[in-house]
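# A closer look at the structure
In case you want the letters, here they are:
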Number of protein chains: 2
Amino acid sequence: MNNFVYNNPTRIIFGKDTIRELKSQVPEKQPVLMLYGGGSIKRNGVYAQVKRALKSHRVVEFSGIEANPLYETCMKAVADVRRNKVQFILAVGGGSVLDAAKFIAAAACYKGKDPWSILRTHGAELTTALPVGTVLTLPATGSESNGSSVISRAATAEKLHFTADCAFPVFSILDPQTTVSLPRKQVRNGIVDTTVHVMEQYMTYPAAAPLQDRLAESILQTLVEVGPGTLRNPEDYDLRASFMWSATLALNTLIGCGVPQDWSTHMIGHELTAFYGLDHAETLAIVMPGVWTHELKRKEAKLKQYGKRVWDVRTAREAIAKTERFFNALGMPTRFGAYQIDADEAARKVRSRFAERGTVLGEHNNLTPSVVAAILRSRA
Amino acid sequence: MNNFVYNNPTRIIFGKDTIRELKSQVPEKQPVLMLYGGGSIKRNGVYAQVKRALKSHRVVEFSGIEANPLYETCMKAVADVRRNKVQFILAVGGGSVLDAAKFIAAAACYKGKDPWSILRTHGAELTTALPVGTVLTLPATGSESNGSSVISRAATAEKLHFTADCAFPVFSILDPQTTVSLPRKQVRNGIVDTTVHVMEQYMTYPAAAPLQDRLAESILQTLVEVGPGTLRNPEDYDLRASFMWSATLALNTLIGCGVPQDWSTHMIGHELTAFYGLDHAETLAIVMPGVWTHELKRKEAKLKQYGKRVWDVRTAREAIAKTERFFNALGMPTRFGAYQIDADEAARKVRSRFAERGTVLGEHNNLTPSVVAAILRSRA
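Predicted model only: the values in this text are computed from it and were never measured. (Residues numbered from 1 in each chain as written. Chains lettered and ligands numbered in written order. Predicted model: local features only at pLDDT ≥ 70, side-chain atom pairs only at ≥ 80, totals over all residues. Heavy atoms only, no water.)

## Quick look at the environment of Gly95 of chain B
Residues and elements named next belong to chain B. Definition in use: Think of it this way: any DSSP run of H or I at least four residues long counts as a helix, any run of E at least two long counts as a strand, and we number them from the N terminus. Working definition: with a 1.4 Å probe on protein chains only, accessible area under 20% of the residue-type maximum means buried, over 50% means exposed, and in between means partly exposed. When checking whether two residues touch, look at their non-hydrogen atoms; a contact exists if any pair is within 4.5 Å.
Within the fold, Gly95 resides in helix H5 (residues 95-108). Since its relative accessible area comes to 6%, Gly95 is described here as buried. Note: C-alpha distance between Gly95 and Thr134 (39 residues apart in sequence) is 9.9 Å. Here Gly95 is in contact with Thr141 and Ser143, once residues within four sequence places are set aside.

See the structure below:
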């Protein structure tokens, strides 16, 4: 087992009718920026619940955060934060709104000239941010309980992430009832995203960390158990609650403690979203089986362990096939063909971007830009 | 799944040679109380490592914390805290030292007349305590990552616990190397204690919380996998590290989120320690199989699930038998006979104590004092 530091200070308030807790969780004396996306929180009643809980607070609203939140939009919110002397940011929505809130909170305190530097350095020098609280309405990204954020920049077609201790939300409210009205596609995306979050921290090589392996497998087994059911029966509270809690634990940094990680699938996927506008989870479902197949020998021990414990199959190839079938059964394609995207073109574009940046991926640092291109070509 | 709040702010610093991190983790400007037990930390080199890391700090030492820490001893430390204007408490040792540190930290800030009230009310009104950091040298109690503490009072043969948000350590340093020199008996105790911590949050009834069940089972499976090995080969770093991390996760409040709990075994065990001076884990190993056997029908679904997933057996009775055999194989007795204690006498004493206090236990609130007495009589 490798040395590690585990520190997750986010207070999780989980369950039915918990939005009312905002009243006591959000500091009352200073202006609060309430950040959200489109109109979905108005249609599903979450907006009204939040406003009711905050009726004694001074709330400044900022809406219009996109599905892949844009730097350009966030900087408008930063201007609002400064103009209104906002001291607390409340994000209401899914991972995009939460990620935007973290960046806005950091950019508002940033002393340098160009806040994009926070992303260029992946948060390496970030020590101060406004406090952020969240009301999560879409289980998927784990952003409600970690210090990470992914932001896109329209002007340059870039999608970068940062991570910092000061970016952990101070609290996150998770009421599974708020997710009942989600479109089926977003729930599908959330299940796939959660699965891949677990895999990026698990599917490497044995590292004498049996507990971490089993914790990761627990989340995978739960997703297999409740995923299809919660897609079919959004109204089943317990299924939705288990999915929601799985999504949080998949990326609250716990299962990755002391083990090697491989974020290749995410890094490659981010480029595909930037180039083609695919949903984040759609990119992951295409890329991950390709990375696994290419790295079959190096990942074989873990693929076999996963196959045996989660799917009761024997070989690494069967484990990959089972995973693709699981995604497909959720209605998630795993090939470029489903989107009429030319795999060769995608391979060329991503290779050129990675070559430019000197990006090399994988837990063994062996996925060079040309290896990544080969992986993408295999996903036609 | 039940509603829950999960908030664990303790920073865990885990791994080889991590004691040196004390230098930056302990505030430097104010006096620090360094709390420890007997001389074991001097023999195994931990004392020297701590003093080296804190050579620029003002350290006041307080040693002599007992295996079941006494209120009377803690109050002497509180006097030292006040006399020296201590602002930070560093606990170096096992759960007893950590529990004592939490109580001292709370009692030093206590405004009322009698700090024993903190325990009588189980921490219900506690909101302030000095910050506590820990260096854990004995994996067992989980005290390094929770807000709970158990304190005994010699004068009255009482053993009570308290829990409070303000009692979570701000950091805990876990270096598995510090545990290599532990006596075999203490490691045995730690494995049993950890197992029972998991069980108290798991062995109740199905509550539509499949992820929590699997997380609990992950810890149990890991203990079964590494427990016997780490007893036999204390020098195997990876085995010891997995045991140490299991002990923390067993009682850092995560696996108990949103599920019913049953702390009967602990509550009954505390009385046996108070009356007979048995080690905490020794009491648990006697009591738990008795509680399970008495509650077989009510716990049957979970006993069968546990039996199938952890031991690959079919019936609840086989699951109980497997658990007793696991304890016995670690060298841990599961009957009063092993200690020449009269089960009938123990039953009478505990019944009378519980009747006096009106204690009723169990997730169904059905373990009245006379039921507890029947359970204890069955453990002759």
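## A word on the pairing of strand E3 (residues 59-62) of chain B
Residue and element names in this part refer to chain B. What counts here: Strands are treated as partners if at least two bridges between them are detected by DSSP.
On E3, burial follows the alternation: Val60 and Phe62 on one face are buried, whereas Val59 and Glu61 on the facing-out side are not. The pairing of strand E2 (residues 32-35) with E3 spans four bridges and is parallel. Bridge pairing in E3 places Met34 opposite Glu61.

## Comments concerning the sheet that holds E2 of chain B
To be explicit about the condition: Each axis is a line fitted through C-alpha atoms, and for a helix only the stretch in contact is used; angles between axes span 0 to 180 degrees, taken between their N-to-C directions.
With respect to topology, 12 strands assemble into an open sheet ordered E3(A)-E2(A)-E4(A)-E5(A)-E8(A)-E1(A)-E1(B)-E8(B)-E5(B)-E4(B)-E2(B)-E3(B), the strand pairing being mixed. Two strands close off the open sheet at either side, each with one partner strand: strand E3 (59-62) of chain A together with E3 of chain B. Averaged over all neighbouring strand pairs, the angle between strand axes comes to 25 degrees, with direction disregarded. In this fold helix H9 (residues 237-250) of chain B packs onto strand E1 (4-14) of chain A together with strand E1 (4-14), strand E5 (132-136) and strand E8 (171-174) of chain B, with an angle of close to 150 degrees to the strand it touches most, E1 of chain B.

## Side note on unusual backbone geometry
The residue Asn365 of chain A is not glycine, and still its phi comes out positive at about 50 degrees. With respect to the helices, strands and loops of the structure, Asn365 of chain A is situated in the loop between helix H14 (343-357) and helix H15 (369-377). For Asn365 of chain A, a relative accessible area of 55% translates into the label exposed. Of note in this structure, Thr253 of chain B is not a glycine but carries a positive phi near 80 degrees. Along the chain, the position of Thr253 of chain B falls in the loop between H9 and helix H10 (264-276).

## A few points about the pattern of salt bridges
Two side chains carrying opposite charge are able to pair once their charged atoms lie near each other. Rule in force here: Should a side-chain nitrogen of Lys or Arg be within 4 Å of a carboxyl oxygen of Asp or Glu, the pair is scored as a salt bridge.
Summed over all chains, the structure comprises 36 salt bridges over all chains. When the shortest N-O distance is used, the salt bridge between Glu282 of chain B and Lys185 of chain B registers 3.7 Å. Of the two residues, Glu282 of chain B is situated in helix H11 (residues 280-294) and Lys185 of chain B in helix H7 (residues 184-200); the sequence distance between them amounts to 97 residues. Classification of Glu282 of chain B by relative accessible area gives buried; the value is 6%. Where Glu271 of chain B meets Arg357 of chain B, a salt bridge forms, and the shortest distance between an N and an O atom there is 3.3 Å. Of this pair, Glu271 of chain B sits in helix H10 while Arg357 of chain B sits in helix H14 (residues 343-357), and the two are 86 residues apart along the sequence. Residues joined by salt bridges that share partners form a network here, namely Lys185, Arg188, Asp279 and Glu282 of chain A.

## Brief notes about the pairing of E8 of chain B
Residue and element names in this part refer to chain B. Here E8 shows no split at all, with Phe171 and Ile173 on one side and Ser172 and Leu174 on the other all buried. Pairing between E1 and E8: four bridges, direction parallel. Note on E8: the bridge partner recorded for Ile13 is Ile173. Bridge analysis of E5 against E8 gives four bridges, and the strand direction is parallel. By the bridge assignment for E8, Thr134 is matched with Ser172.

## So, the packing of helix H9 (residues 237-250) of chain A against helix H8 (residues 210-232) of chain B
Formally: Roughly parallel refers to an angle under 35 degrees, roughly antiparallel to one over 145, roughly perpendicular to one between 65 and 115, and oblique to any angle outside these ranges. Polar here means any residue outside two lists: the nonpolar Ala, Val, Leu, Ile, Met, Phe, Trp, Tyr, Cys and Pro, and the charged Asp, Glu, Lys and Arg; Gly therefore counts as polar.
Across the interface, H9 of chain A lies against H8 of chain B with an axial gap of 9 Å and an inter-helix angle of 45 degrees. On the basis of the axis angle, H9 of chain A is oblique to H8 of chain B. For the pair H9 of chain A and H8 of chain B, the contacting residues are Ser242, Trp245, Ser246 and Leu249 of chain A in the first and Pro210, Leu211, Gln212 and Leu215 of chain B in the second. Partitioning the contact of H9 of chain A with H8 of chain B into residue classes produces five nonpolar, three polar and no charged.

## Quick look at the interface of chain A and chain B
Here is the rule we go by: The term buried area refers to how much accessible surface (probe radius 1.4 Å) is lost by two components on association, counted for both of them together. N or O atoms closer than or at 3.5 Å make up a polar contact, with two conditions inside protein: a donor-capable atom paired with an acceptor-capable one, and, for residues adjacent in sequence, both atoms drawn from side chains.
Chain A puts 39 residues into the contact, and the matching count from chain B is 39 residues. Overall, the association of chain A and chain B removes approximately 3,500 Å² of surface from exposure, summing both partners, and the carbon and sulfur fraction of that is 57%. For the chain A face of the interface with chain B, the top three residues by lost area are Met1, Leu211 and Trp245 of chain A, together amounting to 18%. Summed over the shared surface of chain A and chain B, the number is four salt bridges. Arg11 of chain A is the salt-bridge partner of Asp165 of chain B, the closest N and O atoms lying 3.6 Å from each other. Applying the counting rule to chain A against chain B returns 18 residue pairs in polar contact (both at pLDDT 80 or more).

## Focus on the domain arrangement of chain A
Residue and element names in this part refer to chain A. Quick note on the threshold: Domain delimitation follows an automatic or database domain assignment.
Under the domain assignment, chain A is made up of domain 1 (11-177) and domain 2 (184-377). Taking only C-alpha atoms into account, the centre of domain 1 sits 26 Å from that of domain 2. Each side of the interface is counted separately: domain 1 has 26 residues, and domain 2 has 23 residues. Together domain 1 and domain 2 conceal approximately 2,000 Å² of surface at their shared face, both sides included; 66% is due to carbon and sulfur atoms. Here domain 1 and domain 2 share six residue pairs in polar contact (both at pLDDT 80 or more) between them. Looking at the side of domain 1 that touches domain 2, the elements with two or more residues in it are E1 and strand E7 (158-163). Here the side of domain 1 that touches domain 2 gets four residues from one element, more than from any other, and that element is E7. By residue class, the composition of the side of domain 1 that touches domain 2 is 12 nonpolar, nine polar and five charged.

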